[in-house]
Protein chains: 2
Amino acid sequence: MKRIFEVNPWTVTSRDLNPKDKRLQESITSLGNEYMGMRGMFEEVYSGDTHQGIYIGGVWFPDKTRVGWWKNGYPLYFGKAINALNYVKADIHVDGNQVDLAKNDVTDFEISLDMKVGVLKRTFTVFGVTFKITRLVSTVIKELADIHYEFSSSDGQKHQIHFDASIDADVVNEDSNYDEKFWQILDAGNEVDSSFIATQTIANTFGVPQFTVVARQSFFGGENHHMTRSEKEVTDTFDIEVPKQGLVNFEKRVIVITSRDYDTLAKVIDTGKKLTENIAKKSYADIYNAHAQEWANRWEKADVQIEGDDAAQQGIRFNLFQLFSTYYGNDPRLNIGPKGFTGEKYGGATYWDTEAFAIPVYLGVSDPSVTRSLLQYRFDQLDGAFHNAKEQGLKGALYPMVTFDGIESHNEWEITFEEIHRNSTIAYAIYNYTNITGDHSWLAGDGAQVLYNIARFWADRVHYSARNDKYMIHGVTGPNEYENNVNNNFYTNWMAKWVLQYSLVHYAEINDNEKVKLALTTDELAKWQEIVDKMYLPEADVETKTGKKHIFVQHDTFLDKDLTPIAEMPQDIRPINQNWSWDRILRSPYIKQSDTLHAMFYFPDAFTEAEKRHNFEFYEPLTVHESSLSPSVHSILASDLQMEEKAVEMYERAARLDLDNYNNDTSDGLHITAMTGSWLAIVQGFAGMRVRDDKLHLKPFLPKNWTKYAFRLVFRNHVLEVSVDGQGSHVDLISGEPLVIDLLDQDITLIK
Amino acid sequence: MKRIFEVNPWTVTSRDLNPKDKRLQESITSLGNEYMGMRGMFEEVYSGDTHQGIYIGGVWFPDKTRVGWWKNGYPLYFGKAINALNYVKADIHVDGNQVDLAKNDVTDFEISLDMKVGVLKRTFTVFGVTFKITRLVSTVIKELADIHYEFSSSDGQKHQIHFDASIDADVVNEDSNYDEKFWQILDAGNEVDSSFIATQTIANTFGVPQFTVVARQSFFGGENHHMTRSEKEVTDTFDIEVPKQGLVNFEKRVIVITSRDYDTLAKVIDTGKKLTENIAKKSYADIYNAHAQEWANRWEKADVQIEGDDAAQQGIRFNLFQLFSTYYGNDPRLNIGPKGFTGEKYGGATYWDTEAFAIPVYLGVSDPSVTRSLLQYRFDQLDGAFHNAKEQGLKGALYPMVTFDGIESHNEWEITFEEIHRNSTIAYAIYNYTNITGDHSWLAGDGAQVLYNIARFWADRVHYSARNDKYMIHGVTGPNEYENNVNNNFYTNWMAKWVLQYSLVHYAEINDNEKVKLALTTDELAKWQEIVDKMYLPEADVETKTGKKHIFVQHDTFLDKDLTPIAEMPQDIRPINQNWSWDRILRSPYIKQSDTLHAMFYFPDAFTEAEKRHNFEFYEPLTVHESSLSPSVHSILASDLQMEEKAVEMYERAARLDLDNYNNDTSDGLHITAMTGSWLAIVQGFAGMRVRDDKLHLKPFLPKNWTKYAFRLVFRNHVLEVSVDGQGSHVDLISGEPLVIDLLDQDITLIK
């Protein structure tokens with residue numbers, strides 16, 4: 001754990017300029033607007049260690065990395081979200097001295113992410129000048145990034161600033177192999193009021209489209225403007241005089257247009273030019289205020305208030321802020337990358353995290369259309385899922401572990417075709433959407449193609465074990481990635497059975513034309529029923545130090561391991577992924593994230609209280625939570641089991657995972673999809689939110705150190721406000737018709 | 001299966017010039033002399049598909065390929081045997097027409113590997129000239145390669161040949177990532193009688209030494225000699241007039257010297273120059289005859305004669321020829337690469353194949369010093385083995401899966417730290433050497449460090465399973481590489497137990513100073529005994545179509561698979577590694593090579609006849625033999641079980657694996673270490689050779705289609721000749737004192 005930012009309800013502020021924490025600072029101060037985003041790197045020259053990164057949604061490159069000796073079914077490339085042109089770049093001199101905070105004598109340094117307004121502010125004083133820099137990526141004009149500088153003299157003297165403002169297209173991914181560059185320059189130009197550069201991803205042999213990106217910069221303020229360009233960079237140069245007293249402002253606006261939206265280079269360039277001209281009429285205040293207002297609207301709908309624990313309060317807001325910065329449901333072609341726009345690790349745009357963790361949040365805080373758009377994204381990529389299954393020689397649809405376009409783009413076979421449990425989570429999202437919104441139309445329409453082809457995959461992926469008279473699933477990795485290639489992973493088997501069962505139950509309701517398209521035979525459906533009836537689900541009685549328990553077994557041979565609880569191991573081995581060899585980790589009983597318990601997180605009502613308690617008590621002491629996705633699941637289950645202390649401990653870890661750098665890896669980027677976990681831990685955990693038989697249930701408790709919490713919830717054309725304090729729980733209907741809900745096991749009627 | 005070469009007892013000849021089979025032809029016509037070797041590519045320009053490859057023993061490069069997301073304990077690089085300078089290169093014009101057999105109108109083409117003499121001959125006629133090219137890599141002067149050309153007119157006309165003979169240092173490995181070149185030029189020169197080029201492997205960040213290689217060419221014959229050099233190539237140009245009648249000869253000699261033998265560039269260059277000058281005094285006949293005589297000596301000791309089956313005869317000779325071309329025990333720093341000098345696949349120089357398959361052959365056909373040198377190689381690399389174990393967080397020594405210097409240099413984690421059964425085979429080789437030669441001194445000395453540190457590794461690698469009260473080994477891959485990350489692989493567990501037991505039994509005999517160095521405690525030895533006593537070895541009764549069998553189970557959940565015998569599957573799925581996804585292969589019951597049976601191959605006397613028969617009958621129908629190492633093991637076991645037909649079928653596959661391209665992968669290079677299998681199948685299989693209690697046992701039978709076979713055998717200062725024909729078995733003592741052996745279960749005394 002490492003906390004370099006101050007605890008404040010609405011801001012994330014640091015006065016620390018420690019070069020060792022630079023990457024951590026950059027990750028945490030990231031900004032984004034779904035269309036694009038960037039790490040919180042400094043604009044001006046910084047000669048210390050830094051990871052400069054600007055990423056654009058849906059712009060990617062298939063890196064040809066091959067793993068070892070390529071075998072049939074291995075994916076061909078690793079799809080990477082690629083570092084795009086650096087359009088915030090600046091080289092600033094004060095009276096001839098280069099500003100470089102790694103070298104200068106800096107005073108009054110402060111960097112602050114203002115989550116209420118959605119801007120990153122930075123102030124510092126060097127060479128007698130105080131800088132105030134405000135950066136935003138507009139939530140109103142998606143193509144716009146704005147950097148506003150305010151200069152003042154700190155020593156009562158006049159100063160001359162020489163300002164080179166650039167767009168640098170000579171960028172490289174940190175994770176590039178052999179430092180390969182993914183970009184080539186198409187065009188660049190210095191025009192009267194703006195300059196631009198056009199780049200395109202290099203050619204590839206995989207049929208992945210090449211993306212064109214054009215960035216154009218324009219300015220307000222400064223004097224003696226002249227423009228230059230080199231092979232891979234355009235620069236606008238200004239002189240700015242800082243008076244003895246008072247302020248001087250300077251503003252840079254960048255417009256980014258891509259071939260994702262316009263089909264020719266000429267259109268991409270032209271659109272950027274027109275947009276630049278249009279926004280030239282707007283003042284900085286116009287741009288700032290419109291952006292701030294949109295963030296206010298978002299918070300109005302989604303804010304979670306916590307009283308009595310500022311760290312918890314800051315955590316949940318930070319998580320929602322970064323989640324919304326990554327995805328807000330505006331572009332149906334986009335999804336929620338696990339690092340968003342904050343780093344390069346994990347490569348792809350879309351993981352099962354979306355369906356497992358993000359959809360349940362968006363269902364609660366936004367219009368159902370946002371979730372439907374995320375579901376439709378999977379329908380749109382069904383061809384890719386057919387392709388992935390076929391690559392493994394299997395029928396039906398296999399949704400990828402990582403993708404941009406539906407085709408698997410992760411390059412480790414042990415992930416690609418072993419972590420197939422992800423496929424069931426797509427079906428779970430369909431169930432979740434249908435159950436929470438009450439809208440069965442998607443399931444009956446496009447959703448049927450998704451659901452029944454996933455079921456078809458499972459029916460082909462199981463095998464029949466004659467000596468057990470059971471259907472089994474061999475060769476998988478469950479959610480616990482600290483094991484590999486196991487047989488009969490309880491979670492995987494249980495979910496596969498559930499998918500087949502859910503499919504069979506709802507078959508009657510799907511539209512006739514979808515049935516025709518699916519062409520499911522009676523034999524096929526009968527086979528599905530047989531698999532449901534004979535699916536092998538390992539369970540056992542185990543002796544533990546806390547007594548005998550009846551558990552579901554994580555996989556066939558899990559109980560043969562040395563089952564020493566992690567608490568009895570030396571502290572210095574943790575995190576084990578940084579201290580142990582992969583061999584030792586795989587053989588150990590230590591669980592990266594919930595696995596058997598994950599089914600109980602998805603379907604709390606499908607298991608008895610005793611089942612949940614026994615399994616929680618058995619598995620949690622073996623769980624190291626080194627996946628960012630783990631603590632929230634355990635918090636919710638602990639809440640369900642009235643284990644309040646454990647629930648709060650796990651909440652804190654989920655809520656402040658990145659702010660406190662729990663897993664010592666936030667310098668690589670934020671755990672965006674895990675940011676959903678703190679909301680889920682409060683709403684599904686502390687407040688016990690469930691939807692059963694079309695009715696909303698709430699069963700809130702108040703964590704010990706908190707004096708109050710409150711959140712709003714979207715439920716079927718209603719918006720509710722739930723608040724919980726020492727007096728009890730209150731639910732108010734903010735909008736919608738009168739509604740009956742179950743609060744603390746009693747029906748109450750909400751009227752506006 | 002694809003046979004492009006004719007069946008002849010002593011030659012491998014093709015008159016086929018099919019461009020599609022070019023790589024296959026090149027692999028099969030490879031030459032080598034342990035020091036260096038090459039594929040059978042044409043010298044002159046060939047514009048069709050070809051894999052030009054020349055390799056030098058012990059010269060390698062650590063390729064920085066990283067696999068996916070690097071985790072602790074992964075190897076840092078992939079060690080590659082690298083394609084060295086192309087010193088046979090020629091560009092030949094006849095009357096101004098370029099010779100290029102991919103384009104020319106060629107008649108009378110023939111390529112022939114003469115195994116008796118150890119040369120590659122090629123003849124063809126183009127543009128009115130008949131070429132006869134003879135290539136050898138000298139077994140007498142290891143640094144020498146010789147290419148001899150004989151030209152004659154085929155149309156009764158005079159012809160002018162323009163001959164550019166080069167050493168080209170601009171070579172690249174086919175398996176290079178991003179086409180990275182591993183060589184840089186240090187120097188080159190055209191001197192009066194010879195020209196040279198000096199190259200060095202590029203720098204690396206892994207501390208692996210850079211190798212310098214200097215090749216120098218000199219010539220006999222030709223006119224108007226002039227020399228040229230470009231940046232990466234030296235060329236000597238000649239004119240040769242082909243008369244209307246009669247022959248004209250032209251000879252190129254190449255001397256290759258490396259920094260492995262000389263420590264400065266000056267010495268490397270100078271030594272090559274001197275050696276070139278020395279051999280200039282020798283005629284071509286001198287060089288050819290000395291080389292041929294050495295091959296005659298080798299065959300004198302090692303030839304296996306088979307009468308009645310020319311294909312079988314050719315197979316065994318081809319195998320011994322290629323095996324001896326790769327390794328003949330001259331340089332203790334070298335080992336037996338699985339592809340020798342015939343290709344790039346598999347990268348490293350040293351696999352467990354050496355101890356598993358090659359040592360048993362060398363023990364039978366050569367002086368014990370050759371085997372001792374191979375054992376000493378492992379002692380010399382003990383530090384690397386300590387390093388490998390430490391990388392996994394384990395005690396003792398872990399010999400690598402692939403290496404040049406003792407450090408693991410394979411880059412797939414699932415091989416590096418799962419296929420650890422290899423470690424036991426090093427111990428098995430110590431046992432084998434000691435048992436067959438009767439020499440216990442190596443075991444008592446250096447060998448003790450190897451053996452007991454391997455035992456130490458196993459004692460740390462097992463874990464105790466409380467609920468079973470057994471020691472187990474999780475997370476391994478057995479010899480069957482068509483499974484991955486299994487638990488309690490019978491072979492691995494059995495061998496680990498054997499290593500510990502063998503170590504305990506022989507502890508009293510090891511030298512005191514070795515005991516001091518090992519510093520084994522009484523507790524440690526007691527723990528080893530406990531592991532021996534409680535090692536888990538899975539066994540079960542199974543029902544099969546051929547009856548109930550009691551078997552040792554390949555690993556914990558093997559019997560839960562769908563156990564359909566491979567014969568009942570469609571033929572077009574084979575080889576499965578070219579038709580199925582890796583996922584399907586891993587989940588299938590199909591075995592790449594002997595696994596459980598492998599223990600019975602190593603220790604035929606440690607299992608009952610019933611055990612061997614039940615396991616053979618159970619596993620063989622599931623075995624696809626897609627490892628080149630599999631058929632011979634099954635042949636030997638089938639012989640042991642009097643299943644003669646199966647034994648012969650498997651022998652044929654072992655003996656002609658490459659000649660008949662059984663696995664459709666010989667174009668990548670020959671399966672050098674598997675070439676031992678045919679000798680083992682004859683000697684240990686058909687002839688039933690065993691050494692029990694210091695006595696040699698033989699129990700020969702004659703395969704049905706054969707009329708006779710005979711081989712010589714080295715046994716403890718004796719050389720025996722065993723011959724088997726329709727009359728029975730005869731053993732003659734060729735050299736040594738009188739000896740009692742067991743022939744067909746009866747003691748006989750051999751006198752010279």
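About the thresholds
- Residues numbered from 1 in each chain as written.
- Chains lettered and ligands numbered in written order.
- Predicted model: local features only at pLDDT ≥ 70, side-chain atom pairs only at ≥ 80, totals over all residues.
- Heavy atoms only, no water.
- Contact = heavy atoms within 4.5 Å.
- Buried area = accessible area lost by both parts, 1.4 Å probe.
- Salt bridge = Lys/Arg side-chain N within 4 Å of Asp/Glu carboxyl O.
- Nonpolar A, V, L, I, M, F, W, Y, C, P; charged D, E, K, R; others polar.
- 1 Å grid on protein atoms, 1.4 Å probe; cavity = no way out; pocket = protein on both sides within 12 Å on 5 of 7 lines; lining within 4 Å.
- Points joined across faces, edges and corners; volume = space filled by probe spheres on them.
- Helix = DSSP H or I, 4+ residues; strand = E, 2+ residues; numbered from the N terminus.
- Pairing = 2+ DSSP bridges.
- Buried < 20%, exposed > 50% of the residue type's maximum accessible area, 1.4 Å probe, protein only.
- Core = buried A, V, L, I, M, F, W, Y, C linked by side-chain atoms within 4.5 Å.

Attention now moves to the interface of chain A and chain B. Taken together, the 56 residues of chain A in the interface contact 55 residues of chain B. Taken together, the two surfaces of chain A and chain B that pack against each other cover about 4,600 Å², and 51% of this comes from carbon and sulfur. Applying the counting criterion to the chain A and chain B interface returns six salt bridges. Asp560 of chain A serves as the salt-bridge partner of Arg467 of chain B, at 3.2 Å between the closest nitrogen and oxygen. Looking at the side of chain A that touches chain B residue by residue, the classes come out as 16 nonpolar, 22 polar and 18 charged.

A full pass over the atoms with the stated rule returns 15 cavities of 30 Å³ or more. Space inside the largest cavity adds up to approximately 320 Å³. Residue lining of the largest cavity: 26 residues in total, with Asn485 and Val486 of chain A together with Asn485, Val486 and Asn487 of chain B positioned closest to the centre. Contributing elements (two or more residues each) for the lining of the largest cavity: α16 (582–587) of chain A together with α16 (582–587) of chain B. Grouping the amino acids of the lining of the largest cavity by side-chain chemistry returns four nonpolar, 14 polar and eight charged.

Okay, the sheet that holds strand β3 (residues 36–38) of chain B next. Residues and elements named next belong to chain B. Strand order across the open sheet formed by three strands is β2-β3-β4, with antiparallel pairing between neighbours. The sheet is open, and its two edges are formed by β2 (31–32) and β4 (54–56), each paired on a single side. Summarising the sheet, β2 and β3 pair through two bridges and their orientation is antiparallel. Among the inter-strand pairings, Leu31 is bridged to a residue of β3, identified as Met38.

All names here are of chain B. Burial analysis of strand β18 (residues 233–242) places eight of its ten residues in the buried class, which makes it a mostly covered element. One ladder, built from ten bridges, connects strand β13 (residues 159–168) with β18; its direction is antiparallel. The residue bridging Ile167 from the neighbouring strand is Val234, located in β18. Pairing of strand β17 (residues 223–230) with β18 involves six bridges; the strand directions are antiparallel. Bridged to Arg229 within β18 is Val234.

Membership of the largest hydrophobic core comes to 228 residues, with the highest contact counts inside it found for Tyr87, Phe131, Phe151, Phe163, Tyr651, Trp679 and Ile682 of chain B. Beyond its immediate chain neighbours, meaning those up to four positions away, Tyr651 of chain B contacts Ile306, Ala312, Ile316, Ser635, Ser678, Ala681, Ile682, Phe686 and Trp706 of chain B. Ranked by size, the runner-up nonpolar core spans 227 residues in total, among them Met115, Met401, Trp494 and Leu637 of chain A.

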